[in-house]
Amino acid sequence: MPSIRLRQIALSARDLEFTAELLGFVFDRPVAHRDPGVGIFGLENVLFRLGDSFLEVVSPVQSGTTVGRLLDRQKGTCGYMVIFQVEELEGVRRRVEAEGVRVVWEVAFDEAATIHLHPKDIGGGVVSFDRMASWDAWAWAGEEGSVPQPGDPLTLRGVEIAAADPDARAVQWGRILEVPTGNAAVQLGERTIRFHAGADAVTAVELGAADPEAILSRARDRGLPVEGESFQLGNVTFRLVPGGE
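Because the structure is a prediction, the values reported are computed rather than measured. (Residues numbered from 1 in each chain as written. Predicted model: local features only at pLDDT ≥ 70, side-chain atom pairs only at ≥ 80, totals over all residues. Heavy atoms only, no water.)

Draft legend 1. Representation of the packing of aromatic side chains. Overall, the coordinates contain seven aromatic pairs when judged by the stated rule. Consider the rings of F41 and W105, whose centres lie 4.9 Å apart with planes at 70°: the pair is edge-to-face. Linking F41 in the loop between helix 1 (16-27) and strand 2 (43-50) with W105 in strand 5 (residues 103-108), this pair joins segments that are 64 residues apart in sequence. For F41, a relative accessible area of 31% corresponds to the partly exposed category. The class of W105 is partly exposed, set by a relative accessible area of 27%. Through pairs of rings, three or more aromatic residues link up here, namely F84, F129, W173 and F195. The residue whose ring lies beneath R222 is F25, and the NZ or CZ to ring-centre distance is 5.4 Å. (Phe/Tyr/Trp six-rings, centres within 6.5 Å; stacked < 30°, edge-to-face > 60°. Helix = DSSP H or I, 4+ residues; strand = E, 2+ residues; numbered from the N terminus. Buried < 20%, exposed > 50% of the residue type's maximum accessible area, 1.4 Å probe, protein only. Lys NZ or Arg CZ within 6 Å of the ring centre and 35° of its normal.)

Draft legend 2. Structural context of the environment of A112. Examined against the element boundaries, A112 turns out to sit in strand 6 (residues 112-117). Note on A112: relative accessible area 0%, which makes it buried. Once the C-alpha coordinates of A112 and H33 are considered, the two residues, 79 residues apart in sequence, prove to be 17 Å apart. Residues contacting A112, with those up to four places away along its chain left out, are V107, R131, M132, A139 and W140. (Contact = heavy atoms within 4.5 Å.)

Draft legend 3. Representation of helix 5 (residues 166-177) in the model. Counted at 1.5 Å a residue, the expected span for helix 5 with its twelve residues is 16 Å, and the 16 Å between its end C-alpha atoms agrees. Following helix 5 by one or two positions, E178 has its phi on the positive side, about 60°. (Expected span 1.5 Å × (residues − 1).)

Draft legend 4. Structural context of unusual backbone geometry. With a phi close to 60°, K75 is a non-glycine residue in the positive phi region. The residue K75 is located in the loop between helix 2 (66-74) and strand 4 (78-86) in this model. Although it is not a glycine, A184 sits at a positive phi angle of roughly 55°. For A184, the location among the structural elements is in the loop between strand 9 (181-182) and strand 10 (185-188).

Draft legend 5. Up close: the pairing of strand 15 (residues 236-242). The sheet contact formed by strand 12 (residues 201-209) and strand 15 spans six bridges and is parallel. Following the sheet pairing, V205 is matched in strand 15 by F238. Looking at chain direction, strand 14 (residues 230-233) and strand 15 are connected through four bridges and run antiparallel. Following the sheet pairing, S230 is matched in strand 15 by R239. Hairpin connection of strand 14 to strand 15: two residues between the antiparallel strands, including G234 at a positive phi of 60°. (Pairing = 2+ DSSP bridges.)

Draft legend 6. Focus on the packing of helix 1 against helix 6 (residues 212-221). Where helix 1 meets helix 6, the axes come as close as 8 Å, and the angle between the chain directions of the two elements is 140°. Between helix 1 and helix 6, the crossing angle belongs to the class labelled oblique. Residues F25, V26 and F27 of helix 1 lie in contact with helix 6, whose contacting residues are I215, R218, A219 and D221. A class-by-class count of the residues in the contact of helix 1 with helix 6 yields five nonpolar, no polar and two charged. (Axes fitted to C-alpha atoms, helices over the stretch in contact; angles between N-to-C directions. Parallel < 35°, antiparallel > 145°, perpendicular 65-115°, else oblique. Nonpolar A, V, L, I, M, F, W, Y, C, P; charged D, E, K, R; others polar.)

Shown next as structure tokens:
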């Protein structure tokens with residue numbers, strides 16, 4: 001069993017219900033869960049299932065939030081978090097400290113514990129490492145997080161992150177994740193984290209799709225820019241590759 005996996009990608013948007021309905025239509029699937037726990041950050045959210053992973057969208061419901069400031073800077077929907085599930089947190093914490101990366105928030109419950117890393121130290125927005133009571137559970141998705149979804153025609157395959165020095169950032173992430181790096185990328189099983197030149201941000205989500213053209217057709221129907229095997233939502237590119245589970 002792996003000790004770490006890419007489990008959730010979070011985007012930020014001004015209008016949660018509009019964005020949720022739009023993505024639900026394009027992906028042809030319902031919202032899997034709404035987590036009231038994000039209210040502590042002044043947010044509301046929705047989650048969509050992607051195989052054994054999740055795509056989250058968060059929106060501010062009060063002024064002065066980190067997400068609100070991010071949306072002001074990005075001037076539209078953008079990447080917010082990259083979230084990993086780990087078997088234990090102490091080793092991660094030691095490696096994070098060795099890299100000079102600050103922990104900006106942490107919490108521990110019986111069913112879950114998490115540490116959030118400072119985006120200025122790690123790049124790519126907020127990076128979170130989360131331990132669950134069970135490897136098959138994902139507390140942030142409620143009961144849906146413990147429901148297996150074999151054969152899902154839409155799965156998470158990776159994420160792309162802009163960085164001033166893509167190679168150095170990949171090496172840093174590789175040391176924290178304890179996986180080898182190469183060509184400005186980190187490989188975690190079948191999922192890839194790629195880095196490219198630019199200002200720190202999550203810029204793209206890669207999805208394995210059993211029927212990519214159907215998704216692209218629905219994106220066109222809703223007026224989203226489509227180019228090749230990708231469509232654009234605000235500042236985030238959704239890149240489709242043949243697949244699914």
